Amino acid sequence: MTLGHEEGAGAPCLKCKDKCEGFELHFWRKICRNCKCGQEEHEVGSNNEDDHKVGKLFEDTKYTTLIAKLKSDGIPTYKRNVMILTNPVAAKKDVSISTVTYEWAPPVQNQTLARRYMELIPKDKQPVAGSEGAQYRKKQLAKQLPAHDQDPSKCHELSPNEVKQMEQFVKKYKDEVLGVGDVKLPKDVEAQAGDKGKPDSGARSTLTTVKGPENKAATPQGSAYYCFKCKENMRE
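Once a new chain begins, its residue numbering starts again from 1 and follows that chain's sequence as written. Restriction of local features to residues with pLDDT of at least 70 applies here, the model being predicted, together with a cutoff of 80 or more for giving and counting side-chain atom pairs; totals for whole chains, interfaces and linings are based on all residues. Side-chain numbers come from the whole structure's heavy atoms, not from hydrogens or water.

Taking an unreviewed UniProt entry as the reference, the protein is identified by name as PET domain-containing protein belonging to Staurois parvus.

Draft legend 1. Quick peek at the layout of surface pockets. Put plainly, a pocket is an open set of points on a 1 Å grid over the protein atoms alone with protein on both sides within 12 Å along at least five of seven lines, a cavity is a set where a 1.4 Å probe fits but cannot get out, and a lining residue has an atom within 4 Å of a point. Grid points are joined across faces, edges and corners, and a volume is the space filled by probe spheres set on the points. Volume-wise, the second largest pocket comes out at about 970 Å³. Contributing to the lining of the second largest pocket are 31 residues, with Tyr-78, Trp-104, Pro-106, Tyr-117 and Gly-181 lying nearest its centre. Contributions of two or more residues to the lining of the second largest pocket are made by α1 (48-58), α2 (111-120) and α3 (132-144). Comment: elements are numbered from the N terminus, with helices defined as DSSP H or I runs of at least four residues and strands as E runs of at least two. Ranked by residues supplied to the lining of the second largest pocket, first place goes to α3 with 5 residues. Gly counts as polar in this scheme, as do all residues outside two lists: the nonpolar Ala, Val, Leu, Ile, Met, Phe, Trp, Tyr, Cys and Pro, and the charged Asp, Glu, Lys and Arg. Partitioned by chemical class, the residues of the lining of the second largest pocket number 22 nonpolar, 4 polar and 5 charged.

Draft legend 2. Structural context of α1. Turning to α1, its buried residues are Asp-50, Asp-51, Lys-53, Val-54, Gly-55, Leu-57 and Phe-58. Buried residues belonging to α1 abut α3 and α4 (160-176). Among the residues trailing α1, Asp-60 stands out with phi positive, at a value near 60 degrees. Note on exposure labels: buried denotes an accessible area under 20% of the residue type's maximum, exposed denotes more than 50%, and partly exposed covers the range between, all computed with a 1.4 Å probe on protein chains only. We call two residues contacting when some pair of their heavy atoms lies within 4.5 Å.

Draft legend 3. Summary view of the confidence of the model for the protein. Per-residue confidence for the protein gives a mean pLDDT of 79, with 77% of residues at or over 70. As a per-residue measure, pLDDT reflects the predictor's confidence and takes values from 0 up to 100. Across the protein, element-level confidence peaks in α4 with a mean pLDDT of 95 and bottoms out in strand β1 (residues 83-90) with 73. Long-range and interchain partners of residues 201-216, a stretch whose pLDDT sits below 50, account for 26 contacts in this model, where long-range means more than four residues apart.

Draft legend 4. Geometry of the packing of aromatic side chains. Here a Phe, Tyr or Trp ring, Trp counted by its six-membered ring, pairs with any other such ring whose centre lies within 6.5 Å, and the pair is stacked when the planes are under 30 degrees apart, edge-to-face when over 60, and tilted otherwise. Across all of its chains, the model carries 4 aromatic pairs by this definition. With a centroid separation of 5.4 Å and an interplanar angle of 70 degrees, the aromatic rings of Phe-169 and Tyr-173 are classed as edge-to-face. Highlighted residues: Phe-169 and Tyr-173, both in helix α4, separated by 4 residues, approximately one helical turn. Take Phe-169: its relative accessible area is 52%, and that puts it in the exposed class. Joined through ring pairs, the aromatic side chains of Phe-58, Tyr-63 and Tyr-78 make up one cluster. Directly above the aromatic system of Phe-228 lies the positively charged group of Lys-231, at a separation of 4.5 Å from the ring centroid. In our convention, an over-ring charge means Lys NZ or Arg CZ found within 6 Å of a ring centre and within 35 degrees of that ring's normal.

See the structure below:
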């Protein structure tokens, strides 16, 4: 058992390389005392803290299915979808196996769809284990989901009234704003948009589809929203 403050201690810095003696968290700043880089810039092996932060976000919401069963410590943990792809590689004499492990992938049943989704992400941002893309994802989580944005106990010297206000704010954005994206093929999106667009459906479609333009220089007509690249109108 170790202190949370000591997590990742001694991890090498991916930015400073040998110039850093190893990660040593500053007493109150979120930087290394040796090289002044953030924790996300270091090769910290454990993903537990990130999974706990995302798990905390999904706690007490309709997305609790994305949380692993609570252990005795009571900390909600995100069931991160790790995807392992195994590809045969033809060699001169025999066939070798190439394995790629994504630290995160969209939690969909169709693995082929998930794989296509991951291939559309730029190579340097694909969260392959041990790669720059995996480090990029950790940096995103550190910036986009700081622990003190959702947990009053992580904040510094809040008054009882401020704690109550923050708890109400967190509950409000979990109820009204929190959502989880879905991955679908374009044809499925178009079919869903068509169903929602039928008369008397009672729902307004917010899905958009863009078709190949005949004239890229054409001025958009009849819509306030159009594709910046091809200049074709988007339909709601």
